[in-house]
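The lines below spell out each chain.
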Amino acid sequence: MFLAGSERLAAEKPQWRELVGRVDGELATMRKGAEIDPAILARIMKVDPFDLENVLRALAGDESDLSERQRVVCPSCRTPNDADRYAKQLAGEGESRCTGCDEPLPSGLPRSTVFVLEVDPPPAPEPPRGNVPI
Ligand SMILES: [Zn+2]
């Protein structure tokens, strides 16, 4: 599998093996820094969002390959903003602006969990030799 943590998780929790394998395959197609919303990925993969979030959380827990972050979504432009920065700015300066559109973010925005891929995906397979146009 792509992530070392996936191998370990699949070995520890045989009931998750198939889902872990599928999640690992999805992660292998993403770029470093990609933000994974478990609800959206669950819809794409047609799996239970709670199971998926548990798998992602377990992968984020013991490896630095994936990290768990909290986001608040800007109601104007839908840009996800860092929830800790938002809370700190609201408490300190009384205002937090969206990093996407620079509008002030209203207080009381709900937090959502995302998982961020922290490693580069595996290299693409070598192109087949022979038949290469010169
Ligand atoms: Zn915005």
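Residues numbered from 1 in each chain as written. Predicted model: local features only at pLDDT ≥ 70, side-chain atom pairs only at ≥ 80, totals over all residues.

**Q** Explain the overall build of the protein chain to me, using residue names and the numbers behind them.
**A** Of regular secondary structure, the protein chain possesses 5 helices and 4 strands. The helix and strand sequence of the protein chain, counted from the amino end, reads α-α-β-α-α-β-β-α-β. Computed over the C-alpha atoms, the radius of gyration of the protein chain is 18 Å, more than 25% above the 14 Å expected from 2.2 N^0.38 for a compact globule of 134 residues. Overall, the C-alpha framework of the protein chain stretches about 60 × 50 × 25 Å when taken along its three principal axes. When burial is assessed residue by residue, the protein chain has 19% of its 134 residues classed as buried. Within the protein chain, contacts between residues at least 6 apart in sequence are counted, and of these 56% link residues at least 24 apart. (Helix = DSSP H or I, 4+ residues; strand = E, 2+ residues; numbered from the N terminus. Rg over C-alpha atoms; globule rule 2.2 N^0.38 Å. Buried ≥ 20, exposed ≤ 12 C-beta atoms within 10 Å, placed from the backbone. Contact = placed C-beta atoms within 7 Å.)

**Q** Explain the environment of Ser-112 residue by residue, including any values.
**A** Tracing the chain through its elements places Ser-112 in strand 4 (residues 111-117). Using a count of 15 C-beta atoms within 10 Å as the deciding quantity, one classes Ser-112 as partly exposed. Ignoring sequence-local partners within four residues, the contact set of Ser-112 consists of Arg-71 and Val-73.

**Q** Describe the pairing of strand 4, naming the residues involved and giving the relevant values.
**A** It is a general feature of regular strands that their side chains alternate between the two faces of the sheet. With 2 bridges connecting them, strand 1 (residues 35-36) and strand 4 associate as antiparallel partners. Bridge pairing in strand 4 places Glu-35 opposite Val-116. Note that strand 2 (residues 66-73) and strand 4 share 7 bridges and pair antiparallel. When the bridges of strand 4 are listed, Arg-71 appears paired with Ser-112. (Pairing = 2+ DSSP bridges.)

**Q** Lay out the environment of Leu-66 with the relevant residues and their values.
**A** Relative to the elements of secondary structure, Leu-66 occurs in strand 2. Sequence-distant contacts of Leu-66, that is, excluding residues within four places in its chain, are made with Leu-56, Leu-59, Ala-60, Phe-115, Val-116, Leu-117 and Glu-118.

**Q** Give me the sheet that holds strand 3 (residues 80-82): which residues, what numbers.
**A** Pairing is antiparallel in the open sheet, where 4 strands are placed in the order 1-4-2-3. Looking at the sheet topology across the chains shown, the edges are occupied by strand 1 and strand 3.

**Q** Before we move on, can you summarise the pairing of strand 2 with the specific residues and values?
**A** In the sheet, strand 2 pairs with strand 3 via 3 bridges, with the strands oriented antiparallel. Note that in strand 3 the partner of Arg-71 across the bridge is Asp-82. Linking strand 2 back to strand 3 in an antiparallel pair, the connection comprises 6 residues, with Arg-78 at a positive phi of about 70°.

**Q** I'd like a rundown of the packing of helix 1 (residues 4-12) against helix 2 (residues 17-27), residues and numbers included.
**A** For the pair helix 1 and helix 2, interaxial distance at closest approach is 9 Å and the crossing angle is 170°. Accordingly, the angle class assigned to the pair helix 1 and helix 2 is roughly antiparallel. When helix 1 is examined against helix 2, the residues Ser-6, Leu-9 and Ala-10 are found in contact with a partner set consisting of Arg-17, Val-20, Gly-21 and Asp-24. (Axes fitted to C-alpha atoms, helices over the stretch in contact; angles between N-to-C directions. Parallel < 35°, antiparallel > 145°, perpendicular 65-115°, else oblique.)

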